[in-house]
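Okay, here's what each chain looks like letter by letter:
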Amino acid sequence: MSTDQTSREEQFAVATQWQLTWWRFRKHKLAVLSGLIVIAFYIIVLFADFFAYADPHATDSRRSHIPPQTIHFFDDGAFKPYVHGLTQKRDLRTFKLSYQIDPDRKVYLDVFAEGYRYNLFGLIPSSTHLLGLKNAQPEDGIFLLGTDLVGRDLWSRIMVATRISLTIGLAGVTVSLFLGVLLGGLSAVYGGVVDMMIQRLIEILRSMPTIPLWMGLAAALPNTWTVIQVYLAITIIISFLGWTDLARVVRGKFLALRNEDFIAAAELAGASQFRIIFHHMLPSFLSHIIAATSLALPAMIISETSLSFLGLGLRPPAISWGILLQDAQNIETLALAPWLLAAAVPVIIIILAFNFLGDGLRDAADPYG
Amino acid sequence: MTILDVKNLKKYFPIHKGLLRKLVGHVKAVDDVSFSVARGETLALVGESGCGKTTASRCIMRALQPSSGEINITIDGKTTDLAPLQKAELKPFRRHMQMVFQDPFSSLNPRMMVGDLIAEPLLINGMDNESERRARVRELLDLVSLPTAYMNRFPHAFSGGQRQRIGIARALALNPSLIVADEPVSALDVSVQAQIINLLLDLQDRLGLSYLFVAHDLSVVKHVSDRVAVMYLGQLVEIAPTEALFVTPRHPYTEALLSAVPKPDPRARQERIILSREVADAANPPSGCAFHPRCSFATDQCKSERPHLQDLGQGHQVRCHHARTLALQGVGPSV
């Protein structure tokens, strides 16, 4: 046996559960890639305003429905990204605004440029943005994904929407996780009547069609509530059903583990109930909870997006992906400004990424299975 | 001197049915079992699967709450009945009786290092000094012939036999006087079985342990035990010194079990007794002698009258109406 192989076996022998899980997860290339995408999205959540370059709430009637703009990266053979200026013309027969590229005007892009003021993490005042323009005239602008009817920049709005859409999912999963672990744990530990009641409750909740239930609950929200209040209420509404899956996973794991001999061994050694649950049982299904959570998150995100899309979730001036997609609801806008559909792209990417990540985590979760 | 004296131990599991969980009956997993284990002795508890031997052993360990009966354990000349004790009251007795499990894969927490696994009983029972614990773990690993360098490894790096050694080391951590071994070798390869059995016998000699050895493999039992208790459907049907039981079984069920032991000599072929029908339902045991539907010697008396455990002398007890008249075939002392 070569020394290399021996040392590798030695490494395996002393590997902790998390190391084994990571080694197994690493083999699932798609899941690793998805994990990176998810991390990238949450970086955007943290620095949404930095990645935006125009105030997402600033309207400008002279910038209505500007189509996406091309960035030119090379000027005279040198790397100097620029965009062309736009001239605006109104079609006198249809009264539709149209924009023409002015090939002579080059506005150069700048990184870490000054822009609108915002508070980083809601605390630190800043006005630095990833992109900006050098020596711009007031009429110049960057329109990576175009603008909406009232002239708000779509790219910047998608960046800021990511914050709400992805955190509402996290908040929803946190509430679900709490309810799921609590009720699932109670169900397993106490058994009997408690177990039966919790399980029947789960079955009843799961048999309800989700959209009408959410619509009913969302319709009950007073429209005098502030954006924050609505946000919290929506979180609770979407986690209302989300906990049931987690509760079942937790109950099943609890019951399975209770019959494991190593639990009996700990009991016979005189271990307290507390030690058994927190030292032996919880570490054994923590990885499963993490995997179940990563699979529950995309459902939460979709829920928020669909509720907001239907006008039942968050309401403007809040910005979420669902609210952005509301603008793309009618065929007329779609014909005139198809770029408004771009808000669906991050939804699709993050949902797929979460699903692949969850799959990878689930497969890697139990390195001993 | 006895260390463990079990009297009239019963464990009934209630059967509930329907939405309201109405009580419709009981599974009599252990039905009035009495036996004792002397200090330094090995008592084997044998029977087919489902006969209640594991339930009995778990009741004795108080992993289960027995329905009734006494579990008297004698420590330093003081006898205590464990059956009525609460969980907290049991703790001081736990250190004197430990268990070796059947499945070496599920009996070790895969998330703990071997050193921590073996040290856990020490930690729980108040050995707070880390270096003291590690010294004890080293001693224990040495005792079960595992390199002390394995302390930092996780159970997944070990074979079944090695894992069972770890399990034995953990059971020995608190210096118990009684070890309840629940089929400690039946999950292992035959070649490894011998090593573990020899280890158990060696430890018994060195540490003066008493074993309650639960098993279904009679060839193993013959090798390790001083006395054998045979269980059928929750009851003891025969209990005798090993030699007597193997050579002159007095219960037809014991005879059938013995005939199933593989013989090393292929020419010494012997008629195997194949029991007809399945083992009866413990929730609805047959009338009279529980074994009568499968017994080739059954008479009308067996169908109606419940046999009692009768003493045949020399520590040989049997639960059969015809124990004195039947001429049953044992296995020769040479096997």
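All of these numbers come straight from a predicted model, not from anything done at the bench. (Residues numbered from 1 in each chain as written. Chains lettered and ligands numbered in written order. Predicted model: local features only at pLDDT ≥ 70, side-chain atom pairs only at ≥ 80, totals over all residues. Heavy atoms only, no water.)

Peer 1: Can you help me understand the overall build of chain A in this one?
Peer 2: Of the regular secondary structure elements, chain A holds 13 helices and four strands. In terms of its C-alpha atoms, chain A occupies a principal-axis envelope of roughly 85 × 65 × 35 Å. For chain A, buried positions account for 46% of its 369 residues. The long-range fraction of contacts in chain A, counting pairs at least 24 apart against all pairs at least 6 apart in sequence, stands at 67%. Surface accessibility of chain A: about 19,000 Å² in total, with carbon and sulfur atoms responsible for 65%. Charge-centre separation for chain A: the mean point of 28 positive side chains lies 3 Å from the mean point of 29 negative side chains. (Helix = DSSP H or I, 4+ residues; strand = E, 2+ residues; numbered from the N terminus. Buried < 20%, exposed > 50% of the residue type's maximum accessible area, 1.4 Å probe, protein only. Contact = heavy atoms within 4.5 Å. Areas by Shrake-Rupley, 256 points an atom, 1.4 Å probe, with all protein chains shown as cover. Lys, Arg positive; Asp, Glu negative; His and termini not counted. Charge placed at Lys NZ, Arg CZ, Asp CG, Glu CD.)

Peer 1: Sorry, what's going on with the sheet that holds strand β7 (residues 178–182) of chain B here?
Peer 2: Strand pairing within a sheet occurs via backbone hydrogen bonds; the two strands may be parallel or antiparallel. Residues and elements named next belong to chain B. Taken in spatial order, the eight strands make up an open sheet running β6-β7-β8-β3-β9-β10-β12-β11, and their pairing is mixed. Looking at the sheet topology across the chains shown, the edges are occupied by β6 (97–100) and β11 (310–311). For strand β9 (residues 227–232) and strand β10 (residues 235–241), the ladder comprises six bridges, and the chain directions are antiparallel. Paired with Y232 across the two strands is Q235, which belongs to β10. Where helix α6 (residues 190–207) meets the sheet, it contacts β3 (42–46) and β8 (210–215), and its direction lies at approximately 160° from that of β8. Packed on one face of the sheet, helix α9 (residues 252–259) meets β3, β9 and β10 and runs near 105° to β9. (Pairing = 2+ DSSP bridges. Axes fitted to C-alpha atoms, helices over the stretch in contact; angles between N-to-C directions.)

Peer 1: Can you help me understand the pattern of salt bridges in this one?
Peer 2: Pairing of side chains with opposite charge becomes possible as their charged atoms draw close. All names here are of chain B. All told, the structure shown has 14 salt bridges over all chains when counted by the stated rule. E130 is paired through a salt bridge with R133; the nearest N and O atoms lie 3.6 Å apart. On the criterion of helical spacing, the pair formed by E130 and R133 is a turn pair, its members being three residues apart in helix α4 (residues 130–143). With a closest N to O distance of 3.8 Å, E130 and R134 form a salt bridge. Pair noted here: E130 and R134 are both in helix α4, with a separation of four residues, about one helical turn. By relative accessible area, which is 46% here, E130 ends up partly exposed. Assessed through its relative accessible area of 25%, R134 is described here as partly exposed. Each of E130, R133 and R134 takes part in one network of salt bridges that share partners. (Salt bridge = Lys/Arg side-chain N within 4 Å of Asp/Glu carboxyl O.)

Peer 1: Teacher, can you tell me more about the pairing of strand β4 (residues 124–133) of chain A here?
Peer 2: The two faces of the sheet receive side chains in turn, since in a regular strand these alternate between them. Residue and element names in this part refer to chain A. The pairing of strand β3 (residues 97–120) with β4 spans eight bridges and is antiparallel. Residue E114 lies in a different strand from β4, and its bridge partner there is T128. Linking β3 back to β4 in an antiparallel pair, the connection comprises three residues, with F121 at a positive phi of about 55°.

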